[in-house]
Amino acid sequence: MTYIDFDDFDGGTFISYFEYDSDNKLIKERGEDFTTVYTYGSDGKLDSVLITYDDIPGILLELSRESGSIIVDMYLYFYSQQTRYRTTSTANSNGEILKTVFKELINDNWIINTEINYVWNNGNIISFTKFYGNTVIPHSIEYDDYRNPFNYIEIGKLSFLAWGFTEFAPTKNNYTKAVSSEESSRVEYTYNDFNFPTNAK
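Rules used throughout
- Residues numbered from 1 in each chain as written.
- Predicted model: local features only at pLDDT ≥ 70, side-chain atom pairs only at ≥ 80, totals over all residues.
- Heavy atoms only, no water.
- Helix = DSSP H or I, 4+ residues; strand = E, 2+ residues; numbered from the N terminus.
- Rg over C-alpha atoms; globule rule 2.2 N^0.38 Å.
- Buried < 20%, exposed > 50% of the residue type's maximum accessible area, 1.4 Å probe, protein only.
- Contact = heavy atoms within 4.5 Å.
- Areas by Shrake-Rupley, 256 points an atom, 1.4 Å probe, with all protein chains shown as cover.
- Lys, Arg positive; Asp, Glu negative; His and termini not counted.
- Charge placed at Lys NZ, Arg CZ, Asp CG, Glu CD.
- Salt bridge = Lys/Arg side-chain N within 4 Å of Asp/Glu carboxyl O.
- Core = buried A, V, L, I, M, F, W, Y, C linked by side-chain atoms within 4.5 Å.
- Pairing = 2+ DSSP bridges.
- Phe/Tyr/Trp six-rings, centres within 6.5 Å; stacked < 30°, edge-to-face > 60°.
- Lys NZ or Arg CZ within 6 Å of the ring centre and 35° of its normal.

A. Main features of the overall build of the protein chain. Regarding its fold elements, the protein chain presents one helix and 16 strands. A globule of 201 residues ought to have a C-alpha radius of gyration of about 17 Å, and the protein chain, at 18 Å, matches this closely. Principal axes of the C-alpha set define a box for the protein chain whose edges measure 45 × 40 × 35 Å. Counting the 201 residues in the protein chain, one finds 33% classified as buried. A separation threshold of at least 6 residues defines the contact pool for the protein chain, and within that pool the share at least 24 residues apart is 25%. Accessible area of the protein chain: about 12500 Å², with a carbon and sulfur share of 48%. Side chains of the protein chain give 16 positive and 30 negative charges; the mean places of these two sets differ by 6 Å.

Structure follows, in structure tokens:
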């Protein structure tokens, strides 16, 4: 078992404990009020992720792969209700995600609510476009020259596939600036001797 002491955005810290199997695959992450369990298929690829909060199921993510697509089925268990979503992502030959379609199950029908198209260069997403119905929102992203830890963490990749969080995308470097017609953001990091960011503001 290993643990990492993280800095949070309020200036405090929190600790996560990580457990691995005999093949060095991450099988469990345990924090102050949550536990995340990872299961793998016979091919060694991630099959599902279950996140519980104070021992109560909160989020279940199930992965499947068919016809070149990566499908994530997401079940949210909150307030005694279950909501189900699905994302379908397609990738190029380098494994870089080019498009993700987000759907919600409503009255037993899958309804598309968002589509995101990505443009990559040198291992990074340099731009992406979100489509909400008739609304089109282009984004551009800039990066530093340091290693992105989410390129090595399964939950980071899964957060990108399930929710489209580009800050968790398995890019080569760390994003420092994101700009769209709606908003813009900047991030500054401090780095360790291994060229990974340790703090962000």
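Next comes the rest of the description.
B. Structural context of the pattern of salt bridges. Overall, the coordinates contain two salt bridges when judged by the stated rule. A salt bridge links Arg84 to Asp73, with the nearest nitrogen and oxygen atoms 3.6 Å apart. Highlighted residues: Arg84 in strand E8 (residues 81-91) and Asp73 in strand E7 (residues 69-78), separated in sequence by 11 residues. One connected set of salt bridges, linked through shared partners, spans Asp73, Arg84 and Arg86.

C. Region of the structure containing the nonpolar core. In terms of nonpolar packing, the biggest core is built from 27 residues, with Val49, Leu61, Val72, Tyr118, Ile125 and Leu158 touching the most fellow members. With five residues, the single largest contributor to this core is helix H1 (residues 154-163). Ignoring sequence-local partners within four residues, the contact set of Val72 consists of Leu61, Glu62, Leu63, Tyr85, Arg86, Thr87, Leu158, Leu161 and Ala162.

D. How the structure looks around the pairing of strand E9 (residues 97-106). Relative to E9, E8 runs antiparallel, the two being bridged by seven bridges. Bridge pairing links Thr90 to Lys99 in E9. With eight bridges connecting them, E9 and strand E10 (residues 109-121) associate as antiparallel partners. Within E10, the position partnered with Lys99 by the bridge is Asn117.

E. Geometry of H1. For H1, the tally of buried residues reaches seven of 10 residues, placing the bulk of the element in the interior. All of the buried residues along H1 are Ile155, Gly156, Leu158, Ser159, Phe160, Leu161 and Ala162. In the stretch just after H1, Gly164 is the one whose phi turns positive, near 75°.

F. Seen up close, the packing of aromatic side chains. In this structure the tally under the stated criterion is seven aromatic pairs. A centroid spacing of 4.7 Å and a plane angle of 70° characterise the contact between Phe150 and Phe168, whose relative ring orientation is edge-to-face. Taken together, the residues span a long stretch of sequence, with Phe150 in the loop between strand E12 (135-143) and H1 and Phe168 in the loop between H1 and strand E13 (175-180) at a distance of 18 residues. We classify Phe150 as partly exposed; its relative accessible area is 25%. Members of the aromatic cluster, connected to one another through ring pairs, are Phe150, Trp163, Phe165 and Phe168. One cation-aromatic arrangement involves Lys25 over Tyr40; the distance from NZ or CZ to the ring centre is 5.9 Å. The side chain of Arg30 reaches across the aromatic face of Tyr17, ending 4.9 Å from its centre.

G. How the structure looks around the environment of Phe18. Position of Phe18 among the secondary structure elements: in strand E2 (residues 13-20). Between the C-alpha atoms of Phe18 and Arg30, which are 12 residues apart in sequence, the distance is 6.5 Å.

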